[in-house]
Amino acid sequence: MIEHDVLIIGGGLAGMSTALHARQAGADVAMMSKVHPTRSHSAAAQGGINAALGIGDSWEVHAYETVKGSDYLGDQDAIEILCREGIQDIFNLEHWGVIFDRDEEGRIHMRGFGGTDKSRTCHVGDMTGQTILHVMYEQLLKINAKSYDEWFVTTLLMEDGACCGAVAMELTSGKMEIFRAKSIIICTGGCGRVYEPSTNGLIVTGDGLSLAYRVGALIMDMEMVQYHPTTLPANGFLITEGARGEGAYLLNSEGDRFMQEERYGATTLVEKASRDVVSRAETIEIREGRGVDGCVLLDCRHIKDRILEAFHQIYELAQDYAGVDIAQEPLPIRPGMHYIMGGIKTDVDGRCYRHNGNGMEPLPGLYAAGECACASAHGANRLGGNSLLDCVTFGRRAGVHAAQYAKSIKAANVSEQVMQQEEQKITDIFARSTDQRAAALRLEMGNIMHEFTGVFRDETGLLEAQRQIHAVRERYPNVSVDDKGRVFNTDLVSVLELDYMLDCAEIIIASALARKESRGAHTRTDYPERDDENWLKHVVVYQTPEGPAIDYLPVTITKWKPEVRKY
Ligand SMILES: Cc1cc2nc3c(=O)[nH]c(=O)nc-3n(C[C@H](O)[C@H](O)[C@H](O)COP(=O)(O)OP(=O)(O)OC[C@H]3O[C@@H](n4cnc5c(N)ncnc54)[C@H](O)[C@@H]3O)c2cc1C
């Protein structure tokens with residue numbers, strides 16, 4: 001058995017932020033990741049990280065726009081913390097060595113993003129996530145933080161109602177180990193690949209969401225799935241919102257800038273309206289026959305100098321994967337699954353909660369941060385650039401709190417029996433010999449989720465999704481692998497991941513069925529209006545033997561009352 005004060009599952013931006021701050025707070029910390037930490041999906045973040053540093057901007061304006069972007073579902077205490085404390089977090093990143101791009105006067109250059117007319121997104125070209133990840137990793141090396149690279153967590157451990165560790169498999173050998181810890185912080189990222197296609201990498205499979213759900217944690221607002229307006233049709237690759245932030249247009253097949261139309265509610269910000277608004281408008285244009293081969297067009301020709309100067313990555317992506325030179329011709333794009341606003345319900349210090357029959361109570365020892373968590377800073381729709389900030393700021397807070405909590409308790413006695421159960425799970429998978437493969441079921445699940453739980457939903461489609469996902473779940477126990485070895489068995493890992501993803505799919509559908517209104521990214525054609533009277537509340541899901549159970553929590557409102565949302 002391996003022991004640490006604080007075990008962090010996940011080595012992306014959230015995991016690294018929690019690890020650095022828990023270590024600074026004096027805890028013996030270990031970070032674990034199923035891939036090398038610098039290959040975590042945070043590396044894909046192109047556009048940047050928000051902070052109200054500009055002249056004429058303030059954390060209050062940033063907070064108001066985040067609340068409005070969230071369609072008033074975000075908890076305003078969390079949003080205030082994100083926007084106020086995030087400013088110092090950006091300076092801290094810079095002091096660690098993140099070389100943000102500069103303006104002509106030498107200040108941090110900020111680009112425009114959606115949901116605001118301010119320029120507030122700090123960036124390093126269009127490789128912001130990768131740069132921050134590498135700088136944080138250097139800091140972790142500097143303080144000799146322990147990192148278990150290429151270890152895959154298969155279950156969390158509970159003793160006397162508290163979370164006290166995890167079982168993980170070392171991928172390079174197949175060896176299983178028990179990790180005992182006083183606090184466990186889940187930072188495993190989102191669950192993008194529950195959908196096909198998605199802007200997310202193949203490793204983004206919702207593992208931590210499912211692990212937490214299985215030990216009783218509340219999962220909140222999972223119906224809020226963000227479709228990003230500009231993704232490539234061939235493979236779902238993202239074209240950063242920074243392009244529209246710099247002034248790129250969206251055109252339909254008739255050459256019209258359709259976002260200017262009154263009916264889309266964005267006559268002021270036009271293409272820079274928030275993502276839910278633009279994705280809905282694009283989908284309507286395509287459905288009403290003004291699309292181009294199932295897409296609309298992103299026109300960057302009039303800003304080609306800026307594209308060539310600051311957006312090398314998207315310039316190359318468009319050329320390599322769509323065969324389009326965006327300096328010369330418009331690029332076909334369409335909305336694609338991108339981000340999950342919901343996640344493991346936490347408070348502003350990263351602590352997780354469970355249901356006790358009457359309401360919620362803390363789940364001792366368990367914390368979460370990053371995309372897998374839901375401190376509720378994004379509500380029903382996240383603003384671009386706020387996710388990296390969420391990882392850094394709420395990661396810091398979770399790390400500090402978890403370190404302090406670890407100092408205040410004794411380590412639990414952990415039974416070693418759980419190892420046999422986990423080993424048995426793998427032995428059972430190896431023993432099967434069918435022609436059912438994880439990849440086929442995964443694709444089927446992704447297509448179901450995209451078809452019925454995408455930009456537009458209704459009850460008939462959601463019930464159909466529930467039925468079809470249930471059918472996939474029934475076939476899951478027959479999945480077998482070709483590779484029966486223990487060394488770097490990615491075949492085996494994909495079977496374990498599929499189990500986690502099916503949990504996420506079931507939770508998303510249950511939550512979407514529960515919310516009978518349209519708000520932010522959740523557009524129900526059978527309930528087309530926002531209904532503050534009945535639905536200004538969070539949907540929470542928890543596991544029961546009968547399947548996902550639903551409850552509701554109030555939204556925290558500090559100073560911004562719900563208003564009609566126009567851009
Ligand atoms: C293409 C793209 C571009 C984006 N651009 C931006 C942007 O410009 N600005 C912005 O704010 N946001 C952006 N986002 C969103 C943002 O990048 C993510 O929300 C954020 O990086 C998530 O960070 P994370 O630390 O929570 O998770 P991740 O970076 O995904 O890290 C998850 C970690 O968990 C580990 N892990 C997972 N499961 C297990 C397991 N079972 N056992 C052990 N380890 C496990 C992984 O190995 C990994 O280390 C973008 C997203 C995408 C997909």
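Draft legend 1. Just the overall build of the chain, in detail. Counting secondary structure elements, the chain contains 15 helices and 22 strands. In terms of C-alpha radius of gyration, the chain reaches 22 Å, essentially the compact-globule figure of 24 Å for 567 residues. Seen through its principal axes, the chain has C-alpha atoms that stretch 65 × 50 × 50 Å. Residues classed as buried in the chain amount to 62% of the 567 residues present. For the chain, the proportion of contacts with a sequence separation of at least 24, taken over those separated by at least 6, is 74%. Only carbon and sulfur atoms are counted for the fraction: they give 49% of the accessible area of the chain, which is about 20600 Å². Here the chain contributes 57 positively and 81 negatively charged side chains, and the mean placements of these two sets differ by 3 Å.

Draft legend 2. Broad picture of the sheet that holds strand 3 (residues 49–50). Overall, antiparallel pairing links the 3 strands, which are arranged 3-5-4 in an open sheet. Edge strands, defined here as strands with exactly one partner in the open sheet, are strand 3 and strand 4 (110–112).

Draft legend 3. Fine view of helix 5 (residues 207–214). In terms of residue burial, helix 5 counts as a mostly covered element, since 7 of its 8 residues are buried. Among the residues of helix 5, D207, G208, L209, S210, L211, A212 and Y213 are the ones counted as buried. Looking one or two places after helix 5, you find G216, whose phi comes out positive at around 100 degrees.

Draft legend 4. Structural detail: the site of the ligand. Neighbouring the ligand are 38 residues; S33, S40, S42, E371 and S387 lie closest to it. Take S33: an N or O atom from its side chain is 2.7 Å from an oxygen atom of the ligand. S40 places a polar side-chain atom, nitrogen or oxygen, 2.6 Å from an oxygen atom of the ligand. Going through the elements one at a time, helix 1 (13–24), strand 2 (29–33), strand 7 (151–159), strand 14 (331–340) and helix 10 (386–408) are the ones with two or more residues in the shell around the ligand. Counting residues per element, the shell around the ligand draws most heavily on helix 10, which supplies 4 residues. A per-class count over the shell around the ligand returns 15 nonpolar, 19 polar and 4 charged.

Draft legend 5. Structural detail: the packing of aromatic side chains. Considering all chains together, one arrives at 9 aromatic pairs under this definition. Taking the centre distance of 5.8 Å and the plane angle of 80 degrees together, the rings of Y148 and W151 count as edge-to-face. Residue Y148 shares its accessibility class with W151, and that shared class is buried. Clustering of aromatic rings is evident, with ring pairs tying together Y148, W151 and F179. Taking NZ or CZ as reference, K68 lies 4.4 Å from the ring centre of Y567, over its face. The ring of W535 has K537 lying over it, and the distance from NZ or CZ to the ring centre is 4.9 Å.

Draft legend 6. Region of interest: the sheet that holds strand 13 (residues 296–299). Spatial strand order, 11-14-13-12: 4 strands in an open sheet with antiparallel pairing. Each edge of the open sheet carries a strand with a single partner, namely strand 11 (225–231) and strand 12 (249–251). For this sheet, the mean angle separating the axes of adjacent strands, direction not counted, is 45 degrees. Pairing of strand 11 with strand 14, which is carried by 5 bridges, proceeds in the antiparallel orientation. Of the residues in strand 14, the one forming a bridge with Q226 is Y339.

Reading the values: the criteria
Residues numbered from 1 in each chain as written. Predicted model: local features only at pLDDT ≥ 70, side-chain atom pairs only at ≥ 80, totals over all residues. Heavy atoms only, no water. Helix = DSSP H or I, 4+ residues; strand = E, 2+ residues; numbered from the N terminus. Rg over C-alpha atoms; globule rule 2.2 N^0.38 Å. Buried < 20%, exposed > 50% of the residue type's maximum accessible area, 1.4 Å probe, protein only. Contact = heavy atoms within 4.5 Å. Areas by Shrake-Rupley, 256 points an atom, 1.4 Å probe, with all protein chains shown as cover. Lys, Arg positive; Asp, Glu negative; His and termini not counted. Charge placed at Lys NZ, Arg CZ, Asp CG, Glu CD. Pairing = 2+ DSSP bridges. Near = heavy atom within 4 Å. Polar contact = N/O pair within 3.5 Å; in protein donor to acceptor, adjacent residues only side chain to side chain. Nonpolar A, V, L, I, M, F, W, Y, C, P; charged D, E, K, R; others polar. Phe/Tyr/Trp six-rings, centres within 6.5 Å; stacked < 30°, edge-to-face > 60°. Lys NZ or Arg CZ within 6 Å of the ring centre and 35° of its normal. Axes fitted to C-alpha atoms, helices over the stretch in contact; angles between N-to-C directions.

Limitation: the analysis is restricted to geometry and does not speak to function.
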